[in-house]
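# Reading the structure
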Amino acid sequence: MSDGHGPTPETPSGWSAEQPPPYSAPPASPWTAPGAQQPVPTGQTYGPPAQQPPHPPQQAPYGQAPQTPYPPHPQQQPGYGYMPPPALRPGIIPLRPLALGDILDGTIKLIRSNPKAVLGLSAVAALLASVPLAVGQAFLLDAMPSFDDPEGIAAAESQLNSISGIAGQYAGTLVSSAISFVVVTLLTGVLTRILGRAVFGGNISAGEAWQLVKGRIPALFGVVGMMAAIMIVPMIVFVLLLVAIVMNASGTGAIGWIVGLTVLFLIVYVAYYLFFRTRFAFASPAVVLEGRGPVDAMRRSWHLVTGDFWRVFGILLLTSLLVGLVASLLTFPFTLLGTMLGMLGTSSVTNTIISAVLIAVGGTLGAMLTYPFEAGVSGLLYADRRMRSEAFDLVLQTAAIEQQRQGWVHASADELWHPSNSIRS
């Protein structure tokens, strides 16, 4: 026995030096019956085989990271704050659903990418609409007497209150409105066709755009005529109602009814106008780009606006306010100078001509900005609604990739706007 401090003897005292091997399984036999369990070799115990210890990591050379036997960590998924890759943008807008900034930026890029066609056509349309109004205002101001002539002021008031005076006063406005109706309709169609190509990064001239649009002019006038009827009918009904009140009532009561109904009508009519203006905002793009008829185009616009009415309404209203403010700033100096020249100067043909020119220049500058900007926003909103409701961005992306591979924008890109190319309709 050992006292715990010395070496332990290999065999106990009194035992033979030669001992049998420890108990284990019998030696393995090369002959084993099929399906039988392979015996455990001699020297191994029953149970699962012991795992080999992992190889120790190799010592890496100086200046290099040590290599470990563990596999690398898998790539982590993007977490919060991950920015997806930018959308394909071959032209004036990214080919994905658009935000307000994308729409305004795309409209500015439309004007800058093709200024000759866009601004040139807008200037011609604005000039044609502004000249009659400017001439009418100039002659009206020329007919007004000087401020230091009381007898002339009385005569002018009598003339303006007469039927001929009222007709002369509003003749220029009526002629200008009629011309504006025609030229703005044509301009909207041409600008929409230019925009349809600019989305893919292509440019077309005003002549090429006109050749593509001229076949759709009757349908465009049909849309504008139907819109005018929708807006004018309530006014006609209101005027007939006022005439009936005046004929059947008299005195202070009739005046009170007229004032009250007029205020109520204006409030209701503004809401009426904005509602239908928003609902049919995409009728012209549907006529030009999709080749639809007037009624079908208005139905198409109503369907596209459904589900996103307030967003479309807000963007159109904001655009009108912004463009109106900028146009007023451009128009105001010329209009003010022409008005002062017509009122304060002596009555002469020269004064009348200069006043008309100044007023026409101011109106042209304002409308030259208003027409393309409103048409561009309306067209891009139309594209945005198709992307959101019909997955149209996938169609545009596929076509843009193919055109980039070819290296140019083919005229067949215009056919992609047809509704048969939408994934969902």
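Cut-off values and rules
- Residues numbered from 1 in each chain as written.
- Predicted model: local features only at pLDDT ≥ 70, side-chain atom pairs only at ≥ 80, totals over all residues.
- Heavy atoms only, no water.
- Axes fitted to C-alpha atoms, helices over the stretch in contact; angles between N-to-C directions.
- Helix = DSSP H or I, 4+ residues; strand = E, 2+ residues; numbered from the N terminus.
- Parallel < 35°, antiparallel > 145°, perpendicular 65-115°, else oblique.
- Left-handed = near helix turned anticlockwise from the far one by under 90°.
- Contact = heavy atoms within 4.5 Å.
- Nonpolar A, V, L, I, M, F, W, Y, C, P; charged D, E, K, R; others polar.
- 1 Å grid on protein atoms, 1.4 Å probe; cavity = no way out; pocket = protein on both sides within 12 Å on 5 of 7 lines; lining within 4 Å.
- Points joined across faces, edges and corners; volume = space filled by probe spheres on them.
- Buried < 20%, exposed > 50% of the residue type's maximum accessible area, 1.4 Å probe, protein only.
- Polar contact = N/O pair within 3.5 Å; in protein donor to acceptor, adjacent residues only side chain to side chain.
- Salt bridge = Lys/Arg side-chain N within 4 Å of Asp/Glu carboxyl O.
- Patch = residues over 30% accessible without salt bridge, like charges linked within 9 Å, V, L, I, M, F, W, Y side chains within 5 Å.
- Areas by Shrake-Rupley, 256 points an atom, 1.4 Å probe, with all protein chains shown as cover.

### Focus: the packing of helix α6 (residues 217–248) against helix α9 (residues 294–305)
The N-to-C vectors of α6 and α9 enclose an angle of 65°; their axes lie 8 Å apart at closest approach. Taken as axis vectors, α6 and α9 run roughly perpendicular relative to one another. The handedness of the crossing between α6 and α9 is right-handed. Across the interface between the two elements, Ala219, Gly222, Val223, Met226, Met227 and Ile230 of α6 pack against Pro294, Val295, Ala297 and Met298 of α9. Looking at the contact of α6 with α9, its residues break down into nine nonpolar, one polar and no charged.

### Observations concerning the environment of alanine 219
Locating alanine 219 in the fold gives a position in helix α6. For the pair alanine 219 and serine 284, spaced 65 residues apart in sequence, the C-alpha separation works out to 8.8 Å. Leave out the neighbours within four places in its chain, and alanine 219 touches Val287, Arg292 and Pro294.

### A closer look at the layout of surface pockets
Estimates place the volume of the largest pocket at around 1600 Å³. Lining the largest pocket are 50 residues, and of these Ser180, Val184, Tyr273, Arg277 and Glu374 sit closest to its centre. Of all elements in the fold, only α2 (115–143), α4 (163–198), α6, α7 (252–279), α8 (283–290), α10 (309–344) and α11 (349–390) reach the threshold of two or more residues within the lining of the largest pocket. When residues of the lining of the largest pocket are assigned to their parent elements, the largest contribution, eleven residues, is made by α4.

### Quick look at the side chain of threonine 192
Along the chain, the position of threonine 192 falls in helix α4. When its relative accessible area of 4% is taken as the criterion, threonine 192 is described as buried. Among the polar contacts listed, one links the side chain of threonine 192 to the backbone oxygen of threonine 188, at a separation of 2.6 Å. Apart from residues lying up to four places away in sequence, threonine 192 is in contact with Pro285, Val288 and Leu289.

### Comments concerning the side chain of serine 284
Inspection of the secondary structure assignment puts serine 284 in helix α8. Each residue touching serine 284, except ones within four places of it in the same chain, is listed here: Thr188 and Leu220.

### Concerning the pattern of salt bridges
What the rule picks out here adds up to 15 salt bridges. Beyond isolated ion pairs, a larger network of salt bridges with shared partners links Glu290, Arg292, Asp296, Arg299, Arg300, Arg386 and Glu390.

### Some thoughts on a nonpolar patch on the surface
A cluster of nonpolar side chains, contributed by Ile255, Val259, Val263, Leu264, Ile267 and Val268, occupies part of the molecular surface with about 570 Å² of accessible area. By the element assignment, leucine 264 lies in helix α7.

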